[in-house]
Amino acid sequence: MNQTMTGYSVLGWNHPGFAGSTGLPFPQAERNAIDVVVRYAVDRLGFELKDIVLFSWSIGGYAATHAAMIYPDISAVILDATFHNIIPLAVSRMPPSISGITESTVLNYLHLNNADQLCQYPGPVLLIRRTKDEMISTIPQDITTNLGNNLLTRLLGHRYPHIFDDETRDIVWEYLYAGEQLKQVEIMQSVSVDVDWCRDALEQHVLENGTAFPCDIGQGYSAERKSMLALYLITCHLIDFAATHCESFPSASFRMPWSATAGR
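The residue numbering used here restarts from 1 in each chain and proceeds along that chain's sequence as written. Per-residue local features are limited, in this predicted model, to residues with pLDDT of at least 70; the limit for side-chain atom pairs, both in listing and counting, is 80 or more; totals at the level of whole chains, interfaces and linings are taken over all residues. Here the side-chain values reflect all heavy atoms present in the structure, with hydrogen atoms and water set aside.

This part takes up helix H6 (residues 148–159). End to end, H6 covers 17 Å across 12 residues, agreeing with the expected 16 Å (1.5 Å per residue, within 8%). Taken as a whole, H6 has its buried residues at Gly148, Asn149, Leu151, Leu152, Leu155, Leu156 and Arg159. Each buried residue of H6 lies within a common arc of 165 degrees when the element is viewed along its axis, so the set occupies one face. On its buried side, H6 packs onto strand S2 (76–80), helix H5 (114–118), strand S3 (125–130), helix H7 (169–178), helix H10 (223–237) and strand S4 (238–241). Helical segments are the DSSP runs of H or I of at least four residues, strand segments are the runs of E of at least two, and each set is numbered from the N terminus. Take the residue count of a helix, subtract one, and multiply by 1.5 Å to get its expected span. Partly exposed describes any residue whose relative accessible area lies between the buried limit of under 20% and the exposed limit of over 50%, with all areas from a 1.4 Å probe on protein chains only and scaled to the type maximum. When we speak of the arc, we mean the arc of directions from the helix axis to the C-beta atoms. Throughout, a contact is declared for two residues whenever any of their heavy atoms are within 4.5 Å.

Here it is as structure tokens:
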């Protein structure tokens, strides 16, 4: 996607060891590099953190979630085609006979724990899930193994623990595994999702309790109301893009992340 076509100024960068950048692409170098990029945008270019949106693709999700964690005042985060943790991907690409060695090596030297970092960021987040992704699915192009699902459920489970619980787990995964829009609409209809009620309930909760996470909305709610809110929140935080890993995301589909305070 060409973000300049959507009216935004864009500051791009290469990972350490990629293209013209020096260094090696290890996690510490990634963390140092994105810190420098953000500081450059603020200290040299004069942007305020509240005016910065982080947009990342694929393995860049690690740098973006780290920056979001250490700069919580950043306006929003958009993550395209990324994962919650790189370990399942590494294990799926290596021989099963050395899965233990693979997991231990990645954990100790290349641990990209995107979900852990993202859960420490309090601002608006949007995930773009590529439904034919062959890279971040443990089974190529199988949406049920797309690790974007895990990133989304980790984030929403952290932020809304009384909504994303045992009572809603089945409907949440049924929706995420559906993939096709028509099937998703049918699932939404099966639980009679009332969009207006969901939006009002979330806005009222923020009005009365603030925006801090985890929040306690959902306590005392029926399973039906929690299911409605769970599916509504998924649609607020997720865009499905029928594409493989490297296809360009169309500018026309770009939108800013949702916020419960946007309507107030």
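And the narrative resumes.
On to the sheet that holds S2. The criterion for strand pairing is that DSSP finds at least two bridges linking the strands in question. What the four strands build is an open sheet, ordered S1-S2-S3-S4; its pairing is parallel. At either end of the open sheet lies a strand with only one pairing partner, and these are strand S1 (53–57) and S4. Neighbouring strand axes in the sheet, compared pairwise and without regard to direction, differ in orientation by 15 degrees on average. One ladder, built from five bridges, connects S1 with S2; its direction is parallel. In the sheet register, leucine 54 faces S2, and the bridge partner there is valine 77. Strands S3 and S4 of the sheet are contacted by H10, whose axis makes an angle of about 65 degrees with S4. Angles shown run from 0 to 180 degrees and are taken between the N-to-C directions of axes, each axis being a line fitted to C-alpha atoms and, for helices, limited to the stretch in contact.

Bringing the side chain of lysine 226 into the picture now. Looking at the element boundaries, lysine 226 is found in helix H10. Residue class for lysine 226 comes out buried when judged on its relative accessible area of 5%. Two N or O atoms count as a polar contact when they lie within 3.5 Å, although within protein this holds only if one can serve as hydrogen donor and the other as acceptor, and sequence-adjacent residues are included solely when both atoms are side-chain atoms. Polar contacts involving the side chain of lysine 226 include one to the side chain of glutamate 167, which spans 2.5 Å. Not counting the four nearest positions on each side in its chain, lysine 226 is found in contact with His162, Ile163, Asp165, Glu167, Thr168, Gly218 and Tyr221.

Pairing of aromatic side chains requires ring centres within 6.5 Å, counting the rings of Phe and Tyr and the six-membered ring of Trp. Pairs whose planes differ by under 30 degrees are stacked, by over 60 edge-to-face, and all others tilted. Overall, the coordinates contain seven aromatic pairs when judged by the stated rule. Measuring from centroid to centroid gives 6.3 Å for phenylalanine 55 and phenylalanine 254, while their planes differ by 35 degrees, and the two rings are tilted. On the criterion of sequence distance, the pair formed by phenylalanine 55 in strand S1 and phenylalanine 254 in the segment after S4 is long-range, its members being 199 residues apart. By relative accessible area, phenylalanine 55 is classed as partly exposed at 29%. Between tryptophan 173 and tyrosine 177 the ring centres are 5.4 Å apart and the planes differ by 50 degrees, which places this aromatic pair in the tilted class. On the criterion of helical spacing, the pair formed by tryptophan 173 and tyrosine 177 is a turn pair, its members being four residues apart in helix H7. Residue tryptophan 173 is classed as partly exposed on the basis of its relative accessible area, which comes to 22%. Judged by its relative accessible area of 38%, tyrosine 177 is partly exposed.

That's the geometry; what it means functionally is another story.
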